[in-house]
Amino acid sequence: MPKTSSSFEDSPPYLYVHTIGCQMNEYDSQRVQQILGVQGYALTGDIDQADVIFLNTCSVRAKAEQKVHSYLGRLRKLKARKPGLKIIVAGCVAQQLGASLLGRFEHLDLVLGTRAISSVGGLLHRAVTRSERLVHLPEVEEDGWDSFLKQGHLTSPGVVAPVTIMQGCDNFCSYCIVPHVRGRERSRPADEVLREIRLLTEHGAKEILLLGQNVNSYGKGLDEGLNFSRLLHRIHEQTTLLRIRFTTSHPKDLTEDLIRCFADLPQLCRWIHLPFQTGSDRILQRMNRGYTSAHYMSLIEQLRSLCPDMGLSADVMVGFPGEAESDFRDTLRLIQDVRFDNLFSFSYSDRPFARASELPDKIPEDVKAARLAELQHLQGEIVLEKNRAEIGSVREVLVEGSSKQSDGRQLTGRTEQNRIVNFEGPTELIGRLVQLRILNAFQHSLRGERTAC
Ligand code: SAM
Ligand code: SF4
């Protein structure tokens, strides 16, 4: 791959990656780093040094999409200073807007759809060598990642490595753009998933985070007759991982079988991210979520009766069209009843293609903002109380690396329940499980010290 522009002809071409959105986008960005790494691109954290900028985008909420537009706008000046710079946009916004992005942003070189990540190398090569401006939005997933893995290319994952087990979504929640830009649900064959996990563990990964929009429905469409709990059993039996996690779970597909896995599989972390979206049955129905708040509460009870110290997090939304004050109170009540360890809360926004955008009774922005603030205040109090209750306990922590806030003086890791703990210790502990006594608690993390044993 020729260098695009640099005054140092013997230095590698540099790749700068910016990811907006979810962990699945993070995973795709890592795939791009791996693929372009093999082609000679070195990763840089300095955007001014970049020969290629890869922007991975999200359009789940209107705000995320606005971020993409303003980010691309800012790159205009950079390209003017460095005409050889190549700019690639991938992910949901690329899929949604396609060729119109090239029209709007004349400094953009490549638009890659959500099923085109594996083709990044060849298309970038064309953009560099022939100065072509390209849009590639294939209808079906392009093969390439698995053959890339078969060649053993994967290098240096972190202690915790994400692995996507399925793409797309079939649920069509009425507010959501994902099925429209990510396509119908496709599960990766189990052998391919296992091959990737083994490769990651050979290169140092200790924990795997299995990713999908609704991992609970894994296996649909595969010939293997495998469901998600069977996949977890296979991963447990056939790998040497210290820990396994997964996200995201859908309440309508969380089976007893799967809940049992938390008790039966020691390497499976006692933690689940189980979005509920709203505590109001009326709104759940309009969202097309396929469960009631009573069903959701019964799942929480089952999880907690099997594993009393289960870590719980969720997504919730305020201001869905027609949400009355009483619906919002139902949401607050559910939060008080469950007492989540962590909550990701959003203000509803209309999305293209999503049915809810056509519903009447839109909630005014100031009402949504006030509801979100009240909800976040309540959840903030709960989190702090729950974190403080950890003080004095001893928790097993997988050490992930140096803590960013401490200039490398402290290490950081997570408990099984997904709480971040910072502590002092030698870097040799990275990648190992340690026992930590919890000394102090904050809103987003705990501080601990190593115990004698
Ligand atoms: N598949 C997961 C699920 O069903 O929970 C998560 C999908 S989505 C990428 C992440 C979260 O974004 C959702 O759980 C929801 O809370 C939020 N979200 C999705 N569409 C939204 C919208 N139109 N407005 C506000 N929040 C939205
Ligand atoms: Fe969107 Fe619903 Fe699918 Fe999650 S389950 S990605 S919220 S449609």
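These numbers come from a predicted model, not from an experiment.

About the cut-offs
Throughout this document, residue positions are counted from 1 along each chain, in the order its sequence is written. Here every chain gets a letter starting at A, and every ligand a number starting at 1, in the order they are written. For a predicted model such as this one, the threshold for reporting local features is a pLDDT of at least 70, and the threshold for listing and counting side-chain atom pairs is 80 or more; totals across whole chains, interfaces and linings nevertheless cover every residue. Values shown for side chains rest on all heavy atoms present in the structure; no hydrogens or waters enter the calculation. Secondary structure counts use DSSP, requiring at least four H or I residues in a row for a helix and at least two E residues in a row for a strand, with both numbered from the N terminus. Categorising residues by exposure relies on relative accessible area from a 1.4 Å probe, with only protein chains included: less than 20% of the type maximum marks a residue as buried, more than 50% marks it as exposed, and the intermediate range marks it as partly exposed. We define a polar contact as two N or O atoms separated by no more than 3.5 Å, with the added condition that, inside protein, one atom must be a possible hydrogen donor and the other a possible acceptor, whereas residues neighbouring each other in sequence contribute only through side-chain atom pairs. Contacts are assigned to residue pairs that have any heavy atoms within 4.5 Å of one another. When DSSP finds at least two bridges between two strands, those strands are taken to pair. With axes taken as lines fitted to C-alpha atoms, and helix axes fitted only over the stretch in contact, angles between N-to-C directions fall between 0 and 180 degrees. Note on terminology: near, applied to a residue and a molecule or strand, indicates that one of the residue's heavy atoms is within 4 Å of it. Amino acid classes used here: Ala, Val, Leu, Ile, Met, Phe, Trp, Tyr, Cys and Pro are nonpolar; Asp, Glu, Lys and Arg are charged; the rest, including Gly, are polar. Should an angle fall under 35 degrees it is called roughly parallel, over 145 degrees roughly antiparallel, and 65 to 115 degrees roughly perpendicular, with every other angle called oblique. Here is the rule for handedness: rotate from the far helix to the near one, and if that takes an anticlockwise turn smaller than a right angle the crossing is left-handed, while a clockwise turn gives right-handed. Using a 1.4 Å probe, the Shrake-Rupley method yields the accessible areas, and only the shown protein chains count as cover for residues.

(A) View of the side chain of Asn 216. By the secondary structure assignment, Asn 216 is in the loop between β10 (207–211) and α9 (228–238). You can call Asn 216 buried: its relative accessible area is 9%. Looking at Asn 216, its side chain comes within polar contact range of the side chain of Ser 249, at 3.1 Å. Here Asn 216 is in contact with Phe 228, Phe 246, Thr 248, Ser 249, His 250, Asp 253, Leu 254 and Leu 258, once residues within four sequence places are set aside.

(B) Focus on the sheet that holds strand β15 (residues 394–402). On the basis of which strands lie adjacent, the closed barrel formed by five strands has the order β15-β16-β17-β19-β18 and mixed pairing. This sheet shows a mean twist of 50 degrees between the axes of neighbouring strands, independent of strand direction. When strand β18 (residues 433–441) meets strand β19 (residues 446–450), the two strands line up antiparallel, connected through five bridges. Bridge pairing links Ala 441 to Leu 446 in β19.

(C) Fine view of unusual backbone geometry. Cis geometry marks the peptide bond from Thr 247 to Thr 248; its omega dihedral reads 10 degrees. With respect to the helices and strands, the residue Thr 248 is situated in the loop between β11 (243–247) and α10 (256–264). Here Gln 277, not a glycine, exhibits a phi torsion of approximately 75 degrees, which is positive. Tracing the backbone shows Gln 277 in the loop between β12 (271–273) and α11 (281–287). Gln 277 sits in the buried class, given a relative accessible area of 6%.

(D) Highlighting the site of ligand 2. Taken together, Cys 169, Asn 171, Phe 172, Cys 173, Tyr 175, Cys 176, Val 178, Pro 179, Gln 213, His 250 and Arg 289 form the complete shell of residues around ligand 2. Its residues assigned to classes, the shell around ligand 2 shows seven nonpolar, three polar and one charged.

(E) Examining the sheet that holds β11 more closely. Spatially, β7-β10-β11 is the arrangement adopted by the three strands of the open sheet, whose pairing is parallel. Edge strands, defined here as strands with exactly one partner in the open sheet, are β7 (160–164) and β11. Strand-to-strand, the axes of this sheet are offset by a mean angle of 25 degrees, without reference to chain direction. Sheet analysis places β7 next to β10, joined by five bridges and oriented parallel. Bridge pairing in β10 places Val 160 opposite Glu 207. On top of the sheet, helix α1 (residues 23–38) reaches β7, β10 and β11; it is set at about 95 degrees to β7, its chief contact.

(F) Expanded view of the packing of helix α13 (residues 325–338) against helix α14 (residues 365–388). It is the contact of α13 with α14, at a shortest axis distance of 10 Å, that shows an interaxial angle of 10 degrees. What the angle tells us is that α13 and α14 run roughly parallel. The way α13 lies across α14 gives a crossing that is right-handed. Residues Glu 325, Phe 328, Arg 329, Thr 331, Leu 332, Ile 335 and Gln 336 of α13 lie in contact with α14, whose contacting residues are Arg 371, Glu 374, Leu 375, Leu 378, Gln 379 and Ile 382.

(G) Looking closely at the site of ligand 1. Arg 61, Gln 213, Gln 277, Asp 315 and Ser 349 are the nearest of the 15 residues found near ligand 1. Between a nitrogen atom of ligand 1 and a main-chain N or O atom of Tyr 175, the distance comes to 3.0 Å. Taking Arg 289, its side chain carries an N or O atom lying 3.2 Å from an oxygen atom of ligand 1. Contact with the protein chains hides 92% of the accessible area of ligand 1, taken as 560 Å² for the molecule alone.

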